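Here's the letter readout for the chains.
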Amino acid sequence: MLRRLTPPFGSYTALSAQLTGSLRHTHSRISEFAEEIAFLGGEQTEKTLLEREYASVLQHENHVLSRRWWFGCVEEGVIKWLWGAYGLLLCSIPVFLKIPGAQIDLGGRTEGFVTNRRLLLSSSDAFGRVMYSYKDLSELAGYTARVSMLLDTMKDIRKGKFDKALVSSATIGENAHILRGHGKVIESEDIQFENVPIVTPNGDVLVKSLSFQVQPGVCPFSAQVVLKINPNSQQHLLIVGPNGCGKSSLFRILGGLWPVYGGVVRKPPASQFILIPQRPYLSLGTLRDQVIYPHSKGEMEARGVTDRDLLAILAIVDMDHVVEREGGWDAVREWRDALSGGDKQKIAWARLFYHNPRYAILDEATSLVPTDMEGLMMEHATRLGITLLTVSHRPSLWKYHALILHYDGQGGYVFTKLDAEKRLALQEEKQSLENKLLEVPKMKARLMELKAIAA
Ligand SMILES: Nc1ncnc2c1ncn2[C@@H]1O[C@H](COP(=O)(O)OP(=O)(O)OP(=O)(O)O)[C@@H](O)[C@H]1O
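Residues numbered from 1 in each chain as written. Predicted model: local features only at pLDDT ≥ 70, side-chain atom pairs only at ≥ 80, totals over all residues. Heavy atoms only, no water.

Trainee: Help me get a handle on the overall build of the protein, residues and values and all.
Mentor: Across its full length, the protein holds 16 helices and 12 strands. Out of the 455 residues belonging to the protein, those deemed buried represent 36%. In the protein, 73% of the contacts between residues at least 6 apart in sequence involve partners at least 24 apart. (Helix = DSSP H or I, 4+ residues; strand = E, 2+ residues; numbered from the N terminus. Buried < 20%, exposed > 50% of the residue type's maximum accessible area, 1.4 Å probe, protein only. Contact = heavy atoms within 4.5 Å.)

In structure tokens:
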């Protein structure tokens, strides 16, 4: 009977594992791409996705628990109460029926035995429960302490309090002074940094005081025309410097991800920026969702954009064929596996053209696309009037920029106009001198050989 009444707990467990696995997967994607999501303003979209996954887990677990409860009742009834009642019936036989030859005090002794046994069992059960609940309570206290710490941190962030645990360079006098400071963030059309230190979350000061300014572009002409007429009319900024000097950190401050420890930052709201990182973020969802992220289909339609318009945008980056290849706009895949590195970058550029923001932050955003495609994308962005802030090691990108912010990697920097042709000529000369210098040891060795032969 019990076997017949037992719900399929095996398949429940399998489904439970599948649903929690999917929830964890969504969660880990968010942790992995937290920065990109924050930059794109995708919090709401990700929250909806996460809540959907969480709701399915919750619904399933509630269903399993309710089945478990009913099953528990039946199980308890069959195993405990049925046999208990049977035992009672057996015990009652000598009380209600006279057994021939039985001694009179046997009933009294049996009664005492049964009562004491029950009392002992009940008290040991009760003590056991107290012990278990202590263990459960201390486990719960561990979880609540973590949640409370998270809530406290969120409160501190809202208040603008960024206290750091003591770390390496934070102990140095001047750095400690910077870390105690608070900068100002003012909303503005331009991007302007006035004596702003760049500080990592570890408290390391990458640049003590950074100042530069970029104005938004207004460009109704084609990129070449603008560049010919006045290279500075479109103030694209190129940011260069050695690895780890703080190029991307500048964007984190711009996106409001890192606090401002000093000076004044003037910048438009985060909605005016789009970030294209080297590894663009592709969300869970349809192919359409990848291009319009973080918008939903409804928001896209409310903007008056159709799938045909999206196809035209994909054609700019030479990706229109992907719609047919993947089975239409509503195809759902794990897009980070379905698309190649270069394709992902092109989709991120298509996203930029769809949103058409005032500024775009390109962090090695063309590293995996061919140079001719890179040129097409830069020119189209310029035509749309998007001002670009580019981090790139590719000299082929220099010609699209009017300004340069050059970090020296020692905490210093130079912010100046960029003369791409002159810079390219200097670069070539430097390269040829370096090549010649590489030859020197070989030439010296050969000279020694020749001298030895002549002697
Ligand atoms: N979330 C973080 N927490 C602590 N330190 C960080 C964090 N992100 C970056 N850093 C540190 O900040 C420094 C600058 O990082 P950033 O990403 O700005 O370098 P970058 O100049 O863009 O380098 P690359 O050219 O290699 O991309 C690095 O030393 C890095 O370790």
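So much for the structure itself; the text now carries on.
Trainee: Outline the site of the ligand, listing residues and values.
Mentor: Neighbouring the ligand are 14 residues; Asn-243, Gly-244, Lys-247, Ser-248 and Ser-249 lie closest to it. For the ligand, an oxygen atom lies 2.8 Å from a polar atom in the backbone of Gly-244. Backbone polar atom of Gly-246 to an oxygen atom of the ligand: 3.0 Å apart, as the coordinates give it. Ranked by residue count, the leading element in the shell around the ligand is helix H8 (residues 247-254), at four residues. Taken together, the residues of the shell around the ligand break down into five nonpolar, seven polar and two charged. (Near = heavy atom within 4 Å. Polar contact = N/O pair within 3.5 Å; in protein donor to acceptor, adjacent residues only side chain to side chain. Nonpolar A, V, L, I, M, F, W, Y, C, P; charged D, E, K, R; others polar.)

Trainee: How would you sum up unusual backbone geometry? Please name residues and give values.
Mentor: With an omega of 5 degrees, the peptide bond between Tyr-293 and Pro-294 qualifies as cis. Locating Pro-294 in the fold gives a position in the loop between helix H9 (287-292) and helix H10 (297-302). Positive phi is not limited to glycine here, since Asn-356 has a value of about 45 degrees. Looking at where Asn-356 falls in the secondary structure, it is placed in the loop between helix H14 (341-355) and strand E9 (359-363). The class for Asn-356 is partly exposed, based on a relative accessible area of 37%.

Trainee: Provide a residue-level description of the packing of aromatic side chains, including the pertinent values.
Mentor: If you walk through the whole model with that rule in mind, you get seven aromatic pairs. Clustering of aromatic rings is evident, with ring pairs tying together Phe-33, Tyr-281 and Tyr-293. Note that Arg-303 overlies the ring of Tyr-354, its terminal NZ or CZ placed 4.7 Å from the centroid. (Phe/Tyr/Trp six-rings, centres within 6.5 Å; stacked < 30°, edge-to-face > 60°. Lys NZ or Arg CZ within 6 Å of the ring centre and 35° of its normal.)

Trainee: Explain the nonpolar core to me, and be specific about the residues and the numbers.
Mentor: Counting 43 residues, the largest nonpolar core has Leu-310, Leu-314 and Trp-349 as the members making the most contacts within it. Here this core gets seven residues from one element, more than from any other, and that element is H14. When sequence neighbours within four positions are dropped, the list of residues in contact with Leu-314 reads Val-291, Met-319, Asp-320, Val-322, Val-323, Trp-329, Ile-347 and Ala-350. (Core = buried A, V, L, I, M, F, W, Y, C linked by side-chain atoms within 4.5 Å.)

Trainee: Account for the pairing of E9, with residues named and values stated.
Mentor: Of all five residues in E9, five are buried, a share of seventy percent or more. Because side chains alternate across E9, one face comprises the buried residues Tyr-359, Ile-361 and Asp-363, and the other comprises Ala-360 and Leu-362, equally buried. Of the pairings in the sheet, the one linking E9 to strand E10 (residues 387-391) comprises five bridges and is parallel in character. Looking at E10, one finds that Asp-363 is bridged to Val-391. (Pairing = 2+ DSSP bridges.)

Trainee: Please set out the confidence of the model for the protein residue by residue, giving values where relevant.
Mentor: For the protein, per-residue confidence averages 83 on the pLDDT scale, and residues scoring 70 or more make up 85% of the total. Residue range residues 219-232 is modelled with pLDDT below 50. Its contacts to residues more than four positions away, or to other chains, number 20 contacts. (pLDDT = per-residue confidence, 0-100.)

Trainee: Residue-level account of the layout of surface pockets, with values.
Mentor: Estimated volume of the second largest pocket: approximately 420 Å³. Counting residues per element, the ones that place at least two in the lining of the second largest pocket are helix H3 (34-40) and helix H5 (105-159). By residue number, the principal contributor to the lining of the second largest pocket is H5, which donates five residues. When its residues are assigned to classes, the lining of the second largest pocket shows six nonpolar, two polar and two charged. (1 Å grid on protein atoms, 1.4 Å probe; cavity = no way out; pocket = protein on both sides within 12 Å on 5 of 7 lines; lining within 4 Å. Points joined across faces, edges and corners; volume = space filled by probe spheres on them.)

Trainee: Account for the sheet that holds strand E5 (residues 264-267), naming residues and giving values.
Mentor: Pairing within the open sheet is mixed, and its four strands lie in the order E1-E5-E2-E3. Bordering the open sheet on either side are strand E1 (184-187) and strand E3 (205-214), each of which pairs with just one other strand. Here the strands of the sheet are splayed against their neighbours by 25 degrees on average, with no regard to which way each runs. Bridge analysis of strand E2 (residues 191-199) against E3 gives six bridges, and the strand direction is antiparallel. The residue of E3 that forms the bridge with Ile-198 is Val-207. Each of E2, E3 and E5 touches H8; the most contacted strand, E2, lies at about 115 degrees to it. (Axes fitted to C-alpha atoms, helices over the stretch in contact; angles between N-to-C directions.)

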